[in-house]
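Working through the structure, step by step
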Amino acid sequence: MINFETINAAVDNKNNKFIMESKNLWNAVLGEIELQISKPNFLTWLKNSELVEKKEKEGLALVGLPNNFAKEWVKNRYHKLILGSLRALDSSIKSVDYVVKTQNPVVLVPSLNAKKSLSVSSEIQPSLVESRIDPKTNLNPRYSFKNFIVGSSNDLAYAAMQAVIKEVGVKYNPLFIYGGVGLGKTHLLQAAGNAICEKSEKIRVLYISSEKFINDVVWAIRNKRTDDMKKKYRDVDVLIIDDIQFIGGKTATELEFFYTFNALYEKNKQIILSSDRPPAAIPTLEERLKSRFQVGMVADIGYPDYEMRLAILKTKIQNQETHIDEKILEQIAAKIQKNIRELEGILNKVIFYQQYKNEKIDTKKLEEIINETIQVSAKNITANEIIKTVADFFEISQSDLTERSRKREIVEPRQIAMFLLRELLKLSYPHIGERLGKRDHTTAIHAYEKISREINQNPGLNQKILMIRERVYKT
Ligand code: ADP
Ligand code: MG
């Protein structure tokens, strides 16, 4: 007769032994790593890590992390360190792989039930994937009409845009969309660009922010390459310029834009523009440009009403793994009224707290999150603290950020630092450029706009920034 109890006891014993051994081994590894990286980074990334399995045959160690974001981060940054110390302590280990643990306490059973204790959500949620901007059109494929909510505040702008998409260059030319910050101008313009490209590959679309346009013009004049520039902007069927208000007051750029406008207009090419105010209210814009802007169609985007805000929140959580109470969504929609970017920002924070920190969000916690976000500038933080925190977070030196380094791995941290200096301290762009690598103010503007654009589209970026902000405010 087989004695199951004895077998079970033996298996249990073996499991216990594995648990003990792996715990000790992992603690030793952590002890070593702790000495080599900063404390906040250690606490953020490795404190909740575990050695979940060791495959003796392959010499493979599986390290478990609480979520996909941490998994990717640790794998990208600390792999060498981890592999090095693991091998130094246990020579049978040849390689390391990383997995996401389930939220529940992990049952440490080697190989047999390993699958049960590991979640495979990593494949489903590509949170670190950057959005891919099409180099030909400059369009970001994430902006589409599928995730664009139409309501009373934007239905006119939306309808005009649909007419343009249907008959490019025929009906409303130029189409001029204006409205306040974070109300969906960029989304509408880019979605239109994408829709036109989808309709026909033959139509050449070019999307550009006016700040990039200004840079191009200045650069071309300085380098005597104006012909190239002319070709680039005049050789398209649809030219979309975002935030055109920045062009006002820059004579050379205005003049160049005027010529481009005329060249395109005469050939019945479509021009789509956005601005934070109507043409007549752009103070330094030349009269002839103002009147050019008004010959087509001018449509505004206003503040979204409650229903629309709620609808936006609901579409945003459709693809999320976490469930968020209807009540919480309603509360966010009720509270944040004048800026969709802010609406998304709060939602992302709620998701972050729930998913990453495993905290249940109730009414009180939400209130806290909203207040924290709205009154961020209450605590007196300094530029130095922000720069230091960003450098530390990315494990780079402060001088990498503040000197003229062009290393690739510095680009994102520096843009994030620029973004935070603007967002949290409202420093001027020239000042920010000067502080971070003696760069021109247009670089700072570019960084700020890029990050603000991407932050709600790219969950990985958003998480990084939330974590940095949290460190800035909590230390
Ligand atoms: P603006 O260019 O006017 O400052 P954006 O287009 O950048 O605003 O919009 C801010 C954020 O709000 C973006 O993440 C965008 O996707 C989202 N958003 C704006 N309007 C809508 C809408 N009608 N439906 C869904 N999301 C929207
Ligand atoms: Mg915009």
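Just so it is clear, the structure is predicted and the values come from calculations on it, not from any experiment.

1. Comments concerning the overall build of the protein
Each helix and strand in the protein was counted, giving 21 helices and nine strands. Looking at the protein as a whole, 52% of its 475 residues qualify as buried. Contacts in the protein between residues at least 24 apart in sequence constitute 72% of all its contacts with a sequence separation of at least 6. Just so you have it, the protein exposes about 24100 Å², and 52% of that area is on carbon and sulfur atoms.

2. Looking at the packing of aromatic side chains
Tallied over the entire structure, the rule returns 20 aromatic pairs. A centroid spacing of 5.8 Å and a plane angle of 15° characterise the contact between F261 and Y265, whose relative ring orientation is stacked. Of this pair, F261 and Y265 both sit in helix α10 (residues 251-266), four residues apart, which is roughly one turn of the helix. Classification of F261 by relative accessible area gives buried; the value is 1%. According to the relative accessible area criterion, Y265 is partly exposed, its value standing at 36%. An aromatic cluster is present here, built from F176, F213, Y233, F257, F261, Y265 and F293 joined pairwise through their rings.

3. With respect to the environment of L83
Positionally, L83 belongs in helix α3 (residues 68-89). In this structure L83 comes out as buried when scored by relative accessible area, which is 17%. When the C-alpha positions of L83 and I93 are compared, they lie 8.5 Å apart, and in sequence the two are 10 residues distant. Residue contacts for L83: discarding those within four places in its chain leaves K94, S95 and V96.

4. Observations regarding helix α11 (residues 287-294)
Those residues of α11 not exposed but buried are L289, K290 and F293. Considered in projection along α11, the buried side chains sweep an arc of 105° and stay on one side of the axis. Where α11 is buried, its residues touch β5 (175-179), α10, β8 (270-275) and β9 (297-301).

5. Notes on helix α12 (residues 306-317)
Across its 12 residues, α12 extends 17 Å between first and last C-alpha, which sits within 8% of the 16 Å expected from 1.5 Å per residue. Within the sequence span of α12, burial applies to M308, R309, L310, I312, L313 and I317. In this structure, the buried side of α12 is in contact with α13 (326-335) and α14 (340-355).

6. Examining the side chain of N41
Positionally, N41 belongs in helix α2 (residues 39-46). Judged by its relative accessible area of 0%, N41 falls in the buried class. Not counting chain neighbours up to four residues away, the residues in contact with N41 comprise L46, Y78, D392, F393, E395 and R471.

7. Notes on the pairing of β9
Only one face of β9 is covered, namely the face carrying M297, A299 and I301; the face carrying V298 and D300 is uncovered. Pairing of β5 with β9, which is carried by five bridges, proceeds in the parallel orientation. Across the sheet, residue G179 finds its bridge partner in β9, namely I301.

8. With respect to the site of ligand 1
The environment of ligand 1 is made up of 20 residues, and the closest members are I149, G182, T186, H187 and E344. A distance of 2.8 Å is found between an oxygen atom of ligand 1 and a side-chain nitrogen or oxygen belonging to T186. The fraction of the free accessible surface of ligand 1 (550 Å²) that becomes covered by protein chains is 97%. Going through the elements one at a time, α7 (185-199), α12 and α14 are the ones with two or more residues in the shell around ligand 1. Here the residues of the shell around ligand 1 are counted per class, giving seven nonpolar, nine polar and four charged.

9. With respect to the nonpolar core
Formed by 83 residues in total, the largest nonpolar core has its most connected members in W45, L46, I82, L86, I332 and L420. Beyond its immediate stretch of four places on either side in the chain, W45 contacts L65, F69, A70, W73, V74, Y78, Y356, F393, M467 and R471. Ranked by size, the runner-up nonpolar core spans 25 residues in total, among them M161, I203, I272 and A299.

10. Quick word on the pattern of salt bridges
A pair can form between side chains of opposite charge whenever their charged atoms are brought close. Taken as a whole, this structure holds 23 salt bridges when the rule is applied. A salt bridge links D276 to R277, with the shortest nitrogen-to-oxygen separation between them at 2.7 Å. Taking the relative accessible area as the measure of exposure, R277 reaches 30% and is therefore partly exposed. K365 serves as the salt-bridge partner of E368, at 3.7 Å between the closest nitrogen and oxygen. Placement of the pair is E368 and K365 together in helix α15 (residues 363-374), with a separation of three residues, close to one helical turn. Judged by its relative accessible area of 39%, E368 falls in the partly exposed class.

11. A few points about the confidence of the model for the protein
Looking at the protein as a whole, its pLDDT mean stands at 84, while 88% of the residues score no less than 70. Confidence drops under pLDDT 50 across residues 103-130; counting only partners more than four residues distant or on other chains, this segment forms 57 contacts.

12. Section: the environment of S49
Considering the arrangement of structural elements, one finds S49 in the loop between α2 and β1 (50-55). Along the primary structure S49 and A70 are separated by 21 residues, whereas in three dimensions their C-alpha atoms are 9.3 Å apart. Within the local environment of S49, its side chain forms a polar contact with the side chain of W26, the two groups lying 3.0 Å apart. A polar atom in the side chain of S49 sits 2.6 Å from the backbone oxygen of L46.

13. What about the pairing of β8?
Burial runs high along β8: six of the six residues are buried. Burial along β8 is two-sided: the face carrying Q270, I272 and S274 and the face carrying I271, L273 and S275 are both buried. Relative to β8, β5 is paired through four bridges, and the arrangement is parallel. By the bridge assignment, F176 is partnered in β8 with L273. When strand β7 (residues 238-242) meets β8, the two strands line up parallel, connected through four bridges. Across the sheet, residue I241 finds its bridge partner in β8, namely L273. This β-α-β element, β7 to α10 to β8, shows right-handed connectivity.

Here is what the cut-offs are and how they apply
- Residues numbered from 1 in each chain as written.
- Chains lettered and ligands numbered in written order.
- Predicted model: local features only at pLDDT ≥ 70, side-chain atom pairs only at ≥ 80, totals over all residues.
- Heavy atoms only, no water.
- Helix = DSSP H or I, 4+ residues; strand = E, 2+ residues; numbered from the N terminus.
- Buried < 20%, exposed > 50% of the residue type's maximum accessible area, 1.4 Å probe, protein only.
- Contact = heavy atoms within 4.5 Å.
- Areas by Shrake-Rupley, 256 points an atom, 1.4 Å probe, with all protein chains shown as cover.
- Phe/Tyr/Trp six-rings, centres within 6.5 Å; stacked < 30°, edge-to-face > 60°.
- Arc of directions from axis to C-beta.
- Expected span 1.5 Å × (residues − 1).
- Pairing = 2+ DSSP bridges.
- Near = heavy atom within 4 Å.
- Polar contact = N/O pair within 3.5 Å; in protein donor to acceptor, adjacent residues only side chain to side chain.
- Nonpolar A, V, L, I, M, F, W, Y, C, P; charged D, E, K, R; others polar.
- Core = buried A, V, L, I, M, F, W, Y, C linked by side-chain atoms within 4.5 Å.
- Salt bridge = Lys/Arg side-chain N within 4 Å of Asp/Glu carboxyl O.
- pLDDT = per-residue confidence, 0-100.
- Right-handed = clockwise from strand over helix to strand, strands pointing away.

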